[in-house]
Amino acid sequence: VQLQASGGGLVQAGGSLRLSCAASGRTFSRYNMGWFRQAPGKEREFVAGTRWSGGTTDYKDSVKGRFTISRDNAKNTVSLQMNSLKPEDTAVYYCAADRIDRRNVIPLDRDAYNYWGQGTQVTVSN
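Because the structure is predicted, anything quoted here is derived from the model rather than measured.

The rules behind these values
- Residues numbered from 1 in each chain as written.
- Predicted model: local features only at pLDDT ≥ 70, side-chain atom pairs only at ≥ 80, totals over all residues.
- Heavy atoms only, no water.
- Helix = DSSP H or I, 4+ residues; strand = E, 2+ residues; numbered from the N terminus.
- Salt bridge = Lys/Arg side-chain N within 4 Å of Asp/Glu carboxyl O.
- Buried < 20%, exposed > 50% of the residue type's maximum accessible area, 1.4 Å probe, protein only.
- Pairing = 2+ DSSP bridges.
- Axes fitted to C-alpha atoms, helices over the stretch in contact; angles between N-to-C directions.

K.L.:
Would you mind showing me how to read the environment of Ala5 here?
P.N.:
With respect to the element layout, Ala5 can be found in strand S1 (residues 2-6). Sequence-wise, Ala5 and Val78 are 73 residues apart; in three dimensions their C-alpha atoms are separated by 9.3 Å.

Okay, here's the thing in structure tokens:
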């Protein structure tokens, strides 16, 4: 399985970015997908997730109302629209695929995901 993330960059506070992740190598539509991020010196943390069938999402509290995760099972892609960005959103962002086929709940624990994209840097300046 390969996950290819793109779309990071440098943006001013209050700006927007859209991250995309293209998947290949297994049946994308059967797996929950997540976005995680890791800031320097910090643990990798869950940001947003989408259930394998679509329609159900989950978010880290601090990004609710600002970030939106979506998936297109026909195109094997998952995206993260990030609006009203803050300096504390600065991190390397990773897309990840659940290790379990058609799990009912979106896992928040990074150990539940066994395939990871290469990461894309998001930097938000004051």
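K.L.:
I tried to follow the pattern of salt bridges on my own but got confused; where do I start?
P.N.:
One side chain can pair with another of opposite charge once the charged atoms of both are near each other. Scanning the entire structure with this criterion turns up nine salt bridges. Across the salt bridge formed by Asp101 and Arg30, the nearest N and O atoms sit 2.4 Å from each other. Of this pair, Asp101 sits in the loop between strand S9 (91-98) and strand S10 (113-116) while Arg30 sits in the loop between strand S3 (17-24) and strand S4 (33-38), and the two are 71 residues apart along the sequence. Using a relative accessible area of 32% as the deciding quantity, one classes Arg30 as partly exposed. With a shortest N-O distance of 3.0 Å, Asp89 and Arg37 are connected by a salt bridge. Of this pair, Asp89 sits in the loop between strand S8 (77-82) and S9 while Arg37 is found in strand S4, placing the two residues 52 residues apart along the sequence. What emerges from the salt-bridge pattern is a single network uniting Arg37, Glu45, Lys60, Arg66 and Asp89.

K.L.:
Please clarify how the sheet that holds S8 should be interpreted in this entry.
P.N.:
Backbone-to-backbone hydrogen bonds join strands into a sheet, with any given pair of strands oriented parallel or antiparallel. With antiparallel pairing, the four strands of this open sheet are ordered in space as S1-S3-S8-S7. Edge strands, defined here as strands with exactly one partner in the open sheet, are S1 and strand S7 (67-72). Averaged over all pairs of adjacent strands, the angle between strand axes in this sheet comes to 15 degrees, irrespective of strand direction. As paired elements, S3 and S8 share six bridges and run antiparallel to each other. Following the sheet pairing, Leu17 is matched in S8 by Met82.

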